[in-house]
Amino acid sequence: MHKIYFIGDSLTLGTPADLGTYPNTVGALLGSSWTIVNNGHGGRTTTKELNVYASDLKNHSDAEYVCILLGVNDLNEGESADTVIKNLQKLYTLTHNAGIKTVAITILPHNRMVYSFGKASLGKSKMDTVNYWILHTAKDVDYRVNAYAAFLQPHTKIFFPLKPEYDSGDHLHLSERGYVALGTIVFNSVEWKVRPVK
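The rules we used
- Each chain has its residues counted from 1, running along the sequence as written.
- In view of the model being predicted, local features appear only for residues whose pLDDT reaches at least 70, and side-chain atom pairs are presented and counted only at 80 or more, with totals across whole chains, interfaces and linings using the full set of residues.
- Hydrogens are left out, water is left out, and the side-chain values use all remaining heavy atoms of the structure.
- A run of H or I in DSSP counts as a helix once it spans at least four residues, and a run of E counts as a strand once it spans at least two, with each numbered from the N terminus.
- A 1.4 Å probe rolled over the protein chains alone gives each residue an accessible area, and that area as a share of the maximum for its type sets the label: buried under 20%, exposed over 50%, partly exposed in between.
- Simply put, an axis is a line fit to the C-alpha atoms, just over the touching stretch for a helix, and the angle between two N-to-C directions goes from 0 to 180 degrees.
- By the definition adopted for this analysis, an angle is roughly parallel if under 35 degrees, roughly antiparallel if over 145, roughly perpendicular if from 65 to 115, and oblique otherwise.
- Put simply, a crossing is left-handed when the front helix is turned counterclockwise from the back one by less than a right angle, and right-handed when it is turned clockwise.
- Two residues form a contact once any of their heavy atoms are found within 4.5 Å.
- Each residue gets one of three labels, nonpolar for Ala, Val, Leu, Ile, Met, Phe, Trp, Tyr, Cys and Pro, charged for Asp, Glu, Lys and Arg, and polar for the others, Gly among them.
- Just to be clear on terms, a salt bridge is a Lys or Arg side-chain nitrogen sitting within 4 Å of an Asp or Glu carboxyl oxygen.
- Put simply, two rings from Phe, Tyr or Trp (the six-membered ring, in Trp's case) pair if the centres are within 6.5 Å, and we call them stacked under 30 degrees between planes, edge-to-face over 60, tilted for the rest.
- We treat two strands as partners when DSSP finds at least two bridges between them.
- Each residue after the first adds 1.5 Å to the expected span of a helix.

Moving on, we come to the overall build of the protein chain. For the protein chain, the helix and strand inventory stands at 9 helices and 5 strands. When the helices and strands of the protein chain are placed in sequence order, the string is β-α-α-β-α-β-α-α-β-α-α-β-α-α. For the protein chain, buried positions account for 49% of its 198 residues.

Now for the packing of helix α2 (residues 22–30) against helix α9 (residues 176–189). When two helices pack together, you describe them by how their axes are tilted relative to each other and by the distance separating the axes. In the contact formed by α2 and α9, the axes pass within 7 Å of each other and the chain directions differ by 55 degrees. Here α9 runs oblique to α2, going by the angle between their axes. Once α2 is placed against α9, the crossing between them reads as right-handed. Taking contact as the criterion, the partners of Y22, T25, V26, L29 and L30 in α2 are, on α9, Y179, V180, L182, G183, T184, V186 and F187. Its residues assigned to classes, the contact of α2 with α9 comprises 9 nonpolar, 3 polar and no charged.

Under the counting rule described, the total for this entry stands at 4 salt bridges. Between E191 and K193 there is a salt bridge, with its nearest N and O atoms 3.4 Å apart.

One pass over the full model with this rule turns up 7 aromatic pairs. Measuring from centroid to centroid gives 6.4 Å for Y65 and Y143, while their planes differ by 45 degrees, and the two rings are tilted. Here Y65 is found in strand β3 (residues 65–69), whereas its partner Y143 is found in strand β5 (residues 143–145), with 78 residues between them in sequence. For the pair shown, Y65 and Y143 are each scored as buried. Measuring from centroid to centroid gives 4.7 Å for F151 and Y166, while their planes differ by 50 degrees, and the two rings are tilted. Note that F151 is positioned in helix α8 (residues 147–151) and Y166 in the loop between α8 and α9, a separation of 15 residues in sequence. On the basis of relative accessible area, F151 is assigned to the buried category, the value being 0%. Joined through ring pairs, the aromatic side chains of W34, Y65, Y143 and W192 make up one cluster.

Each strand in a sheet pairs with its neighbour through backbone hydrogen bonds, running either in the same direction (parallel) or in the opposite one (antiparallel). Ordered in space as β2-β1-β3-β4-β5, the 5 strands form an open sheet in which the pairing is parallel. What marks the edges here is a single partner per strand, and that holds for β2 (34–40) and β5. For this sheet, the mean angle separating the axes of adjacent strands, direction not counted, is 15 degrees. Relative to strand β4 (residues 101–105), β3 runs parallel, the two being bridged by 4 bridges. Following the sheet pairing, Y65 is matched in β4 by K101. Against the sheet, α9 touches β3, β4 and β5, its axis set at about 150 degrees to β5.

As a further point, take the side chain of Q89. Counting through the fold element by element, Q89 comes out in helix α5 (residues 81–97). Not counting residues within four places of it along the chain, the set of residues in contact with Q89 comprises W133, A138, K139 and D140.

With that settled, consider α5. For α5, spanning 17 residues, the distance from its first C-alpha to its last is 24 Å, which sits close to the expected 24 Å at 1.5 Å a residue. Among the residues of α5, A81, V84, I85, N87, L88, Q89, L91, Y92 and T95 are the ones counted as buried. Positive backbone phi, approximately 80 degrees, marks G99, located one or two places after α5.

Take a look at the structure:
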């Protein structure tokens, strides 16, 4: 059996709980020879993940890939883009140094910050900064997944517009179709190979 380790927040965990998860979709597309380990946690930030990641990674050192989708909760709580970038880079480097392929996924579009803070333009600027860095500048990344572009509803004045067919209704979490789409995008963005036995 071969392993993929997924870390993230409620978008990785799968919220609402009855609509499936994107890691399960990746697993279904890969087939039964791959083991999927979903370590998503509701409310997880990059800072919280860093506090436990090194020890968690030791328990999954046999994974071929780690998929990392984090950052939205940091930004929703008012964290700076620089802090999110620094934390993500540490996660990517820890994964790389463990000899595991790193799959970095951009933050998805959403409008939660409009409702919570009334500072949509600032929030969008920070999200754009983090996503650009993930796609173009981040080090120790093997595969970059532009989920933001795939889920963005174009030609709208709403900030963070999640495509309605992918929206669970709270404009942050995904519908069943959305989780399937995200898993399919991740699957198609990665060249899945078994790590050679040393």
